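Residue-level listing of the chains:
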Amino acid sequence: MNISFEGKVALVTGAASGLGFATAKAFAESGAAVVLADVDEKAVQAAAKELADKGFKTLAIRCDVSKDDEVEAMVKQTVKTFGRLDAAYNNAGIQNVLAETADSPRDDYDRVMSVNLRGVWSCMKFELQVMREQGSGAIVNCSSLGGLVGGNQRGTYHAAKHGVIGFTKSAALEYATRGIRVNDVCPGLIRTAMADQMEAGGQGEALKMMREMFVPMQREGRPEEIANAVLFLCSDAASYITGQSISVDGGYVMR
């Protein structure tokens, strides 16, 4: 199956590294003009330049998805530059401070929800305004394994990711007859900078135990494996798929 995005425009948040950059790269290699957005301006400019130096059409935008005005400006700049918006991967996300629910800091709750849940809502809001006018488009939100199961000391993160799935299903229902599809991916244990940070913060043994005990494939996933799922869901090959949560987790949720 040959998936092509020639003549299409894709937007990826959290695109400076990890799952976001892998997906932006995959869109570019499939022919799309790609907008890379990230809160880290220096890093996202470097990421976009890396792709542009290979001959791909790119645009780097500094965007904090927790701020509606920046999200709105990001989408408007996308359309101003490339004329349309065909695919979006709402990937930007952060981890919570590890704490049992009784000890979870309120400011950390607000911080995580503002990016991981409200940020996805805000991105969809402005992306859908463009796609509704076009009468076409596909959105993939990044939920998580944590959107399907609970997790000790990770309640805030898991609650936000559960919420992403709810937003995905609701938007999919609203736009199913208007040429727009909305799905989400639920990555499992994937080797990214976030995983590196978790290990550096003392969670290495816990991650190793999770991989050995709960991942039937007995390995971490690669960012490219998430990118492949996102591109499929945004492509015409998935034209009859909407409102779905696709686990890319080595079999974790089969347990």
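All values reported here derive from a predicted model rather than from experimental measurement.

(A) Focus on the overall build of the protein chain. Counting secondary structure elements, the protein chain contains 8 helices and 7 strands. A globule of 255 residues ought to have a C-alpha radius of gyration of about 18 Å, and the protein chain, at 17 Å, matches this closely. Taken along its principal axes, the extent of the C-alpha atoms in the protein chain is 45 × 40 × 40 Å. In the protein chain, 71% of the contacts between residues at least 6 apart in sequence involve partners at least 24 apart. When the accessible surface of the protein chain is totalled, it reaches about 12000 Å², and 51% of it is carbon and sulfur. Both charge centroids of the protein chain, one from 27 positive and one from 31 negative side chains, sit 3 Å from each other.

(B) How the structure looks around the layout of surface pockets. Roughly 280 Å³ of internal volume is contained in the second largest pocket. For the second largest pocket, the lining is made up of 18 residues, of which Lys8, Arg181, Cys234, Ser235 and Asp236 are closest to its centre. A per-class count over the lining of the second largest pocket returns 6 nonpolar, 7 polar and 5 charged.

(C) Spotlight on the UniProt feature "domain: Ketoreductase" (unreviewed entry) in the protein chain. Those places that UniProt annotates as "domain: Ketoreductase" (unreviewed entry) correspond, in this numbering, to residues 8-188. Taken end to end, residues 8-188 has its terminal C-alpha atoms 29 Å apart, with 49% of it in helix and 19% in strand.

(D) Layout of the pattern of salt bridges. The full count for this structure, using the stated rule, is 9 salt bridges. One salt bridge in this structure joins Lys49 and Asp53, with 2.8 Å as the shortest N-O distance. Each member of the pair, Lys49 as well as Asp53, carries the same accessibility label: exposed. Two residues, Arg219 and Glu225, come together in a salt bridge whose shortest N-O distance is 2.7 Å. The exposure class of Arg219 is partly exposed, given its relative accessible area of 34%. Residue class for Glu225 comes out partly exposed when judged on its relative accessible area of 21%. When salt bridges that share partners are traced, they join Arg219, Arg222 and Glu225 into one network.

(E) Seen up close, empty space enclosed by the protein. Summed over all chains, the structure comprises 1 cavity of 30 Å³ or more. The computed volume of the largest cavity comes to approximately 30 Å³. If you trace the largest cavity, you find it lined by Thr13, Val65, Asn90, Ala92, Val115, Gly119, Val120 and Cys123. Ranked by residues supplied to the lining of the largest cavity, first place goes to helix α5 (residues 118-134) with 3 residues. Residue classes in the lining of the largest cavity are distributed as 5 nonpolar, 3 polar and no charged.

(F) How the structure looks around the packing of helix α4 (residues 106-116) against helix α6 (residues 155-175). Two elements in contact, α4 and α6, have axes whose closest approach is 9 Å; the angle formed by their N-to-C orientations is 25°. It follows that α4 is roughly parallel to α6 by the angle criterion. In this structure, the crossing between α4 and α6 has a hand that is right-handed. Here Asp108, Tyr109, Val112, Met113 and Asn116 of α4 come into contact with α6, specifically with Thr156, Tyr157, Ala159, Ala160, Lys161 and Val164. A breakdown of the residues in the contact of α4 with α6 according to their chemical character gives 7 nonpolar, 2 polar and 2 charged.

(G) Spotlight on helix α2 (residues 41-52). Between the first and last C-alpha of α2 there are 16 Å, a value that for 12 residues agrees with the 16 Å anticipated at 1.5 Å per step. By the burial criterion, the buried members of α2 are Val44, Ala47, Ala48 and Leu51. Buried residues of α2 fall within an arc of 95° about the axis and therefore sit on the same side. Opposite the packed face of α2, turned more than 90 degrees from it, sit the exposed residues Lys42 and Lys49. Against α1 (18-29), β2 (33-38) and β3 (58-62) lie the buried residues of α2. Where α2 starts, the residue carrying a side-chain oxygen 3.4 Å from the main-chain nitrogen of Lys42 turns out to be Asp40.

(H) Representation of unusual backbone geometry in the model. For Gln153, which is not glycine, the phi torsion reads 65° and is therefore positive. Residue position: Gln153 is located in the loop between β5 (137-142) and α6. Judged by its relative accessible area of 37%, Gln153 is partly exposed.

Conventions adopted
Residues numbered from 1 in each chain as written. Predicted model: local features only at pLDDT ≥ 70, side-chain atom pairs only at ≥ 80, totals over all residues. Heavy atoms only, no water. Helix = DSSP H or I, 4+ residues; strand = E, 2+ residues; numbered from the N terminus. Rg over C-alpha atoms; globule rule 2.2 N^0.38 Å. Contact = heavy atoms within 4.5 Å. Areas by Shrake-Rupley, 256 points an atom, 1.4 Å probe, with all protein chains shown as cover. Lys, Arg positive; Asp, Glu negative; His and termini not counted. Charge placed at Lys NZ, Arg CZ, Asp CG, Glu CD. 1 Å grid on protein atoms, 1.4 Å probe; cavity = no way out; pocket = protein on both sides within 12 Å on 5 of 7 lines; lining within 4 Å. Points joined across faces, edges and corners; volume = space filled by probe spheres on them. Nonpolar A, V, L, I, M, F, W, Y, C, P; charged D, E, K, R; others polar. UniProt positions renumbered as here; feature names shortened; annotations may be inferred. Salt bridge = Lys/Arg side-chain N within 4 Å of Asp/Glu carboxyl O. Buried < 20%, exposed > 50% of the residue type's maximum accessible area, 1.4 Å probe, protein only. Axes fitted to C-alpha atoms, helices over the stretch in contact; angles between N-to-C directions. Parallel < 35°, antiparallel > 145°, perpendicular 65-115°, else oblique. Left-handed = near helix turned anticlockwise from the far one by under 90°. Expected span 1.5 Å × (residues − 1). Arc of directions from axis to C-beta. Polar contact = N/O pair within 3.5 Å; in protein donor to acceptor, adjacent residues only side chain to side chain.

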